[in-house]
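These are the residues of each chain, in order.
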Amino acid sequence: MTDRQGSFDAPVEQVAVHAPAGTVVGRRAGRVRRFLGIPFAEAPTGVRRFAAPVARARFTEPFDASRPGATAQAVPLFTTTTVPEPSVPGDDVLNLGVVAPDTADERAPFPVLVWVHGGGFLAGSPVSPWYDGRAFARDGVVTVTVGYRLGVDGFAVLDDVPANLGLRDLLLALDWVRENITAFGGDPGRVTVAGQSAGAGAVLALLSSPAGTGRFHRAVSLSGVTLDVDEAAARAFLAALGDRLGVPPTRAGFAGRGVADIQREVIGLRNERSGGPIVLGPYVGDDILPVSVAAGLAVHGKDVPLLLGATGDEFDGATASENPHPSPDPAPGRAAARAAGTRLTDILFRAVCPRVAASRRAATAGTWLYSFEWPSPALGGATHCADIPFFFDLLDAPGVARALGPNPPEELATRMHADLVAFVHGREPAWARATGGYGDPVREYGRPGAAFAADTTGGFDAVVHGSLVHAVSEAAKEC
C-alpha cells in the first residue's frame, strides 16, 4: 500500500459527530478522523465493579474524544512486550476508539473492523500504536478498538458474580457499534470482529456463543486459542491470590482492593508458579458459554465467514526475549519438532486452526486458513505478534523496528493488509475453504524462498493428528 505515513503529517482540526450516544468531538488529519476513549458503558466501579456492564447514558454535553481512554491494564504483565502496550490511568476503562475515513469519501458507508487486543486475558492495551486504523481508513474501513475488563475484574469465577464479564463487555461494545457506527460513516450491517492471541480467543468464544448471534457478520482470528477454564483450578488460584492480598476470595474481598494492587499480585503469583494454566479467561458453563467453544462452533456462527491462522513459530522463536518457553534447539532441531507437530506452538496455537475448521464443517459460511512464515531477524522466527504490523500495514509504527528488524518487507505488508481489507469488505478469499482435515488449503505469508503470498495445501497437517486431540484439549488450558 502507499502513503504509509497516513495523515499524521496533515494539519489537525476538530470534527464533531452527532450519534445516538450523543455528540462526540474528535480530530481530523487529512482524510482520517479519530475519536478516542469513547465510553460505551458506565465505569465499572463501586457496585458496578463485579457486575454486568451497563450501557453508558447519552452524553448531555459534547464528549471530548481527542485523547486515548483509560485502559483496564493498570500493571503490564511483562516489563518488555513485543507489542507496545501503554497503560492509561482512569476508571472509565470500558471505552472504545474509532478511526474512520473522511465522510466526504464516496465509498461510504464503510465496513467496520472491531479489534480485540490480546494479552492473555490479564493484560494488553487497546491504545497500542500497532492497532492504529489509519491504513484501514485509507482503504475504506472504519476501525473500532475496544477495551474490556481483564484478569480478576474480567474473568474471575466468584459466587454472586456473573461469569465472563470481559466477554459481556465486548458484547455491549458490539451493541454500541450497531447503534452508533452509522454516525461515523460505518455500516452496521457489515461488522467484522477480529483479534489476536487472547483477543482472537475472545473472538472464537463470541462466535461459538448464542449471545454473539447477529452482533457481527464476519470474524478473524490471529493466533487464537480456545479455552475451557477449570473451575476448581480457578478457585484455587483465587484463594491463593486472596491470601497474598489479605482478603477472602470473594466479591466483597476483592472489591476492597484496588485494580492495580490485584494485578500486581496476580503477576507475582503467576511468576511463583512459572506461569501455569490460564485460570482467568473465558469460563464454560454460563449463559454466554453454555458449552465449550469447540462444541459451540458446531452450532453457532455458521453463517459467519471466518479467517483464522497462526504464525509459524509463535512461542518457539530462537531469541524472543519475552518467550516464557524458549526453545534451546538449533534451527534443524526446531524444524524437526515442527514437522512432528510437537512444539508448544503447535499444541497451543496451530492445532486450534484445523480443530476450529473441523468444528465448522457444517457451516454455510466458509473457513479459511493462513500461516505467517516470515522469520523476524530480531525475534528469531515467525513468532507471536510478528504478523500484526503486516496485517495493519503499520511498518512505521513505534516498536516495529525493534521487533522486526530495520527492513521488514513492505510488499508482504501490502499483500497481507490487502487480503484482510478484502475480507472485511465482504469478498471471499482467493484460496479454497478449509475443513480441518489433511491437505487443507492454506495461504502462506512470507515463507523464505516463496512468493510473499503463496497458496499451498497441508500447511497444518502436522497438527491434524487424532493422537493429539486429548493433548490439545488439555494444553489449550495453559495458553
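Remember, it's a predicted structure, so these values are computed and weren't measured experimentally.

Rules behind the numbers
Residues numbered from 1 in each chain as written. Predicted model: local features only at pLDDT ≥ 70, side-chain atom pairs only at ≥ 80, totals over all residues. Heavy atoms only, no water. Helix = DSSP H or I, 4+ residues; strand = E, 2+ residues; numbered from the N terminus. Expected span 1.5 Å × (residues − 1). Core = buried A, V, L, I, M, F, W, Y, C linked by side-chain atoms within 4.5 Å. Buried < 20%, exposed > 50% of the residue type's maximum accessible area, 1.4 Å probe, protein only. Contact = heavy atoms within 4.5 Å. pLDDT = per-residue confidence, 0-100. Right-handed = clockwise from strand over helix to strand, strands pointing away. Pairing = 2+ DSSP bridges. Phe/Tyr/Trp six-rings, centres within 6.5 Å; stacked < 30°, edge-to-face > 60°.

Peer 1: What should I look at first to understand helix α14 (residues 410–424) in this one?
Peer 2: Residues lying three or four places apart along an α-helix face the same way, a consequence of the helix completing one turn every 3.6 residues. With 15 residues, α14 ought to run about 21 Å at 1.5 Å a step, and its terminal C-alpha atoms sit 21 Å apart, in line with that. Trailing α14 by a residue or two, G426 shows a phi angle of about 105°, which is positive.

Peer 1: Would you take a moment to explain the nonpolar core for this structure?
Peer 2: In a soluble, globular protein the nonpolar side chains are often hidden away together inside. Membership of the largest hydrophobic core comes to 103 residues, with the highest contact counts inside it found for I38, V98, V144, V152, F184, F254 and L280. Those residues in contact with I38 that sit more than four places away from it in its chain are V24, F59, F63, A65, L94, N95, L96, V98, W176 and F184. Ranked by size, the runner-up nonpolar core spans 39 residues in total, among them W374, I388, F390 and L404.

Peer 1: What's the story with the confidence of the model for the protein in this structure? I'm lost.
Peer 2: Predicted coordinates in regions of low pLDDT should not be interpreted in detail. Within the protein, residue pLDDT values average 91, and 92% of them lie at 70 or more. Across residues 320–330, where pLDDT falls below 50, the model places 15 contacts with residues more than four positions away in sequence or in other chains. Low pLDDT, under 50, characterises residues 470–479; the stretch is placed with 22 contacts to residues that sit more than four places away or in other chains.

Peer 1: Explain the pairing of strand β9 (residues 218–222) here, please?
Peer 2: Regular strands place side chains that alternate from one sheet face to the opposite one. Of all five residues that make up β9, five are buried, and the element is covered over most of its length. On β9, burial covers both faces: R218, V220 and L222 on one face and A219 and S221 on the other are all buried. For the handedness criterion, the β-α-β arrangement of strand β8 (residues 186–196), helix α4 (residues 198–208) and β9 is classed as right-handed. Pairing geometry for β9 and strand β10 (residues 306–311), over four bridges, is parallel. Bridge pairing in β10 places V220 opposite L307.

Peer 1: I keep staring at the packing of aromatic side chains and nothing clicks. Help me out?
Peer 2: The description of an aromatic ring pair rests on the distance of the ring centres and on the angle between the ring planes. Per the stated rule, a full pass over the model turns up 15 aromatic pairs. Ring centres of F59 and F63 lie 4.9 Å apart, and the angle between their planes is 15°; this geometry places the pair in the stacked category. Judged by relative accessible area, which is 11%, F59 ranks as buried. With a centroid separation of 5.5 Å and 50° between ring planes, the pair formed by W115 and Y131 is classed as tilted. Remark: Y131 occurs in the loop between β6 (110–116) and α1 (134–138) and W115 occurs in strand β6; sequence separation between them is 16 residues.

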